[in-house]
Amino acid sequence: MYYRPATVRQPVILPADIPPGVDWVTLPGGVRTLAYTQPTPTPQIPVTAAQPIPAWAKTTALLAPTVGGGIAAAGIGLSYAAPGLIAMSHALWSAAALVVAAVIAVPVLLRTARRAVTGADSGGRSTTHITQNITATGLFGRANGTINHH
């Protein structure tokens, strides 16, 4: 039996099938193959001239450190003023408590003083009733009224 090695057949390539930039090249080992012979051109992006920086951007860039420094100074000032602010808030709460106590205590004291002057009990004395009757004609009419003491 005779053994014959298999041969590799190259596909037939027609010149119309070869894209532009590709050509037959002989390698150093003597093998011919298709290869790119020139780099494919890449589209060039037009370079524009450098644009000037807008005035608002310059102003903002110059003001940013100033604003940051002002905020830092305010924070330092508040840290020094914190004990005084705490004391003032305690004083304001104390003043508010004093006003509330006065609003409650003054009517109670007046009522007890009136009872002490007039007697602990009204003792059957009649009280005065005041009746008001007010009338007006129309939306913006002049109001007339009577007051009756009984």
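The coordinates are above.
What you are looking at is a predicted structure, and each value in this text was computed from that prediction instead of being measured.

Focus on the pairing of strand E2 (residues 32-36)
When strand E1 (residues 22-26) meets E2, the two strands line up antiparallel, connected through 5 bridges. Opposite Trp24, over in E2, you have Leu34 as the bridge partner. The antiparallel pairing of E1 with E2 creates a hairpin that spans 5 residues between the two strands, and Gly30 there sits at a positive phi of about 90°.

Description of the environment of Thr128
Counting through the fold element by element, Thr128 comes out in the loop between helix H1 (55-118) and strand E3 (130-136). Taking the C-alpha atoms as reference points, Thr128 and His149, separated by 21 residues in sequence, lie 6.7 Å from one another. Residues in contact with Thr128, not counting those within four places in the same chain, are His149 and His150.

Some points on the environment of Thr135
Take Thr135: it is sitting in strand E3. The exposure class assigned to Thr135 is exposed, which follows from its relative accessible area of 52%. For the pair Thr135 and Thr146, spaced 11 residues apart in sequence, the C-alpha separation works out to 9.1 Å. Once residues within four sequence positions are removed from consideration, Thr135 is found in contact with Arg142, Ala143 and Asn144.

Conventions adopted
Residues numbered from 1 in each chain as written. Predicted model: local features only at pLDDT ≥ 70, side-chain atom pairs only at ≥ 80, totals over all residues. Heavy atoms only, no water. Pairing = 2+ DSSP bridges. Helix = DSSP H or I, 4+ residues; strand = E, 2+ residues; numbered from the N terminus. Contact = heavy atoms within 4.5 Å. Buried < 20%, exposed > 50% of the residue type's maximum accessible area, 1.4 Å probe, protein only.

Geometry only, nothing functional implied.
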